[in-house]
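So you can see what is in the structure, the chains are spelled out below.
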Amino acid sequence: MNVYDSQRMSDTLGRLGYMPVDDPDKADLVLLNTCHIREKAAEKVYSEIGRLKQARERRRAVGADMLIGVAGCVAQAEGEEIVTRAPAVDLVFGPQSYHRLPDFLARAQAGETVVETDFPVEDKFAALEAPSERNVRARGVSAFLTIQEGCDKFCTFCVVPYTRGAEFSRPAAEIVAEARRLADAGVRELTLLGQNVNAYHGEGPDGGEWGLARLLYELAEVDGIARLRYTTSHPRDMDDDLIAAHRDISALMPYLHLPVQSGSDRMLAMMNRRHDRGLYFDLVARLRDARPDIALSSDFIVGFPGETDADFAETMDLVRQVGFAQAFSFKYSARPGTPAATMDRRVPEAVQAGRLAELQALLRTQQADFAAGLEGRTFDVLFEKVGRQPGQVVGRSPWLQPVIVDAPEALIGSLESVRITKAGSNSLFADLVSDVSRLPGHDGGSSYRAESFA
Ligand code: 5AD
Ligand code: SF4
């Protein structure tokens, strides 16, 4: 979501006359868009500010200057504290107010230190102007689209309900209009974003309320959109309609990121996850029934306060039973202001590290087995960019793996059938199966139209 937010901020900056540069030494303005989810992410901000301060001094030495801003969830959570700890910072603003960037910048340029961490009442997305044609084109073939923000679940370890605020769903018509603009600029794949994306309940164009399933059916009809994904989901919000959408919508990719965090019912209760392992197993079974080729990805936290060896064994058992194609796993990190931060029976760092290594070894094996299972299989790949070696193009499998193929660059932006020849550690290698003789430069190429093989 920070990537999407940064793109929207750069749209605004573009209209104010700013251009992107590749080196802070050339920048009049640097905004750090920050993450507060774990301590490590939050701490990085301060070392980064230190580096920017030096870049600013080099610029001042030659008569130029630089404004330094901190945006995102660290800004939201720490506010004034950032300026106290790092007086070099000129602007601090949270993720709910970046539509007010032009005003913040004008004030900072006039010498004010701007700190804005209120949650404004207006709809940020409605207040933002549509991105320029050039900026939309820069998104490429696959784009993010935020449809929902914030969270009302209050898992005891998590800062999101405090930093991103209460759940908010954008109206469906606004989302569909943004999807059309992206598709018109060449986007073929949309990833719908939200901290709790499947809790989406936006206003429909008919005045009624739309759930995520209803929205997906609508977006699948947008001309040019060939693939749909959504992330991140909560198990409690996987309703029957959404599971049915996985069966009915062929554009909806057979890949779902469904965080479970732990396999221990005792830990899930302490985490206030509002689901147990039984519910997770049941969902996985129903999803696989609806869409047999669906692959799952998840998030895990090890070493939550009070986690015993027996609890951790339950997590390992869940992973073995489900089988994941991909996963993210973390040591528990105490976050200020969250209920878990004051729980006792903290798990020693060394125990956390041991459990994380054990879990990651299992998840890595499952990921490699999943990739190896695709060798010899034929499926569609959406080509996104040129590869590192001349003559290569890189696309994505339905399960998000990079797929490297020797093929013409003109295939970027199109979906083509490939046969997997080899599974590498992070990507797949494949041969093109599609007949590409229709491409420009090949015989009969002039009738090439992307739509014809969506
Ligand atoms: N400590 C460790 N991991 C966390 N996550 C969220 N909060 C914490 C925390 N305090 C992880 C969860 C979540 C992912 C985005 O980050 O696994 O799903
Ligand atoms: Fe955080 Fe996700 Fe729990 Fe919401 S559902 S509190 S975003 S972990």
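Structure first, text after, so check above.
One structure accompanies this document, and this report is about it. (Residues numbered from 1 in each chain as written. Chains lettered and ligands numbered in written order. Predicted model: local features only at pLDDT ≥ 70, side-chain atom pairs only at ≥ 80, totals over all residues. Heavy atoms only, no water.)

### Topic: the packing of aromatic side chains
Applying the stated criterion to the full structure yields eight aromatic pairs. Between F300 and F324 the ring centres are 5.5 Å apart and the planes differ by 85°, which places this aromatic pair in the edge-to-face class. Here F300 is found in strand β13 (residues 295-302), whereas its partner F324 is found in the loop between α14 (309-322) and β14 (326-331), with 24 residues between them in sequence. Judged by its relative accessible area of 3%, F324 is buried. Put simply, the rings of F157, F304 and Y332 pair up and form one aromatic cluster. Geometry around F330 places R38 over its ring, the cationic atom sitting 3.5 Å from the centre. (Phe/Tyr/Trp six-rings, centres within 6.5 Å; stacked < 30°, edge-to-face > 60°. Helix = DSSP H or I, 4+ residues; strand = E, 2+ residues; numbered from the N terminus. Buried < 20%, exposed > 50% of the residue type's maximum accessible area, 1.4 Å probe, protein only. Lys NZ or Arg CZ within 6 Å of the ring centre and 35° of its normal.)

### Thoughts on the sheet that holds strand β5 (residues 142-146)
On the basis of which strands lie adjacent, the open sheet formed by three strands has the order β5-β8-β11 and parallel pairing. Pairing within the sheet leaves two strands with one partner each, and these edge strands are β5 and β11 (227-231). The mean angle between the axes of side-by-side strands here comes to 25°, regardless of whether they run parallel or antiparallel. Sheet topology note: the strand β8 (residues 189-193)/β11 ladder contains five bridges and is parallel. Each residue of the ladder has a partner; that of T191, found in β11, is R229. Helix-sheet contacts for helix α9 (residues 172-184) involve β5 and β8, and the interaxial angle to β5 is about 165°. (Pairing = 2+ DSSP bridges. Axes fitted to C-alpha atoms, helices over the stretch in contact; angles between N-to-C directions. Contact = heavy atoms within 4.5 Å.)

### Some points on the site of ligand 2
Close to ligand 2 lie C151, K153, F154, C155, F157, C158, V160, P161, N196, H234 and R273. Residue composition of the shell around ligand 2, by class: seven nonpolar, two polar and two charged. (Near = heavy atom within 4 Å. Nonpolar A, V, L, I, M, F, W, Y, C, P; charged D, E, K, R; others polar.)

### Remarks on the sheet that holds strand β3 (residues 91-93)
Reading across from one edge, β1-β2-β3-β4 is the order of the four strands in this open sheet, with parallel pairing throughout. The open sheet has two edge strands with one neighbour each: β1 (29-34) and β4 (114-116). Across the sheet, the mean angle separating the axes of adjacent strands is 10° when strand polarity is ignored. Relative to β3, strand β2 (residues 67-72) runs parallel, the two sharing three bridges. The partner of A71 across the bridge, within β3, is F93. The strands touched by helix α1 (residues 2-15) are β1, β2 and β3; relative to β1, the strand with the most contacts, the crossing angle is about 155°.

### Remarks on the environment of L411
Along the chain, the position of L411 falls in the loop between β17 (402-406) and β18 (415-423). C-alpha separation for the pair L411 and S97, spaced 314 residues apart in sequence, amounts to 39 Å.

### Topic: the packing of helix α10 (residues 212-220) against helix α11 (residues 240-248)
One way to put it is that α10 packs onto α11 with a least axis distance of 8 Å and a crossing angle of 25°. Put simply, α10 runs roughly parallel to α11. Note on element contacts: α11 touches α10 through D241, L242, A244, A245 and D248, opposite L212, A213, L216 and Y217. Of the residues assigned to the contact of α10 with α11, the class counts are seven nonpolar, no polar and two charged. (Parallel < 35°, antiparallel > 145°, perpendicular 65-115°, else oblique.)

### Some thoughts on the pattern of salt bridges
Inspection of every chain in the model, using the stated rule, returns 32 salt bridges. The closest approach of N and O atoms between R277 and D317, which form a salt bridge, is 2.6 Å. Within this pair, whereas R277 is found in helix α13 (residues 277-290), its partner D317 is found in helix α14, the two being separated by 40 residues in sequence. Residue classification places R277 among the buried residues on the basis of a relative accessible area of 11%. When its relative accessible area of 28% is taken as the criterion, D317 is described as partly exposed. (Salt bridge = Lys/Arg side-chain N within 4 Å of Asp/Glu carboxyl O.)

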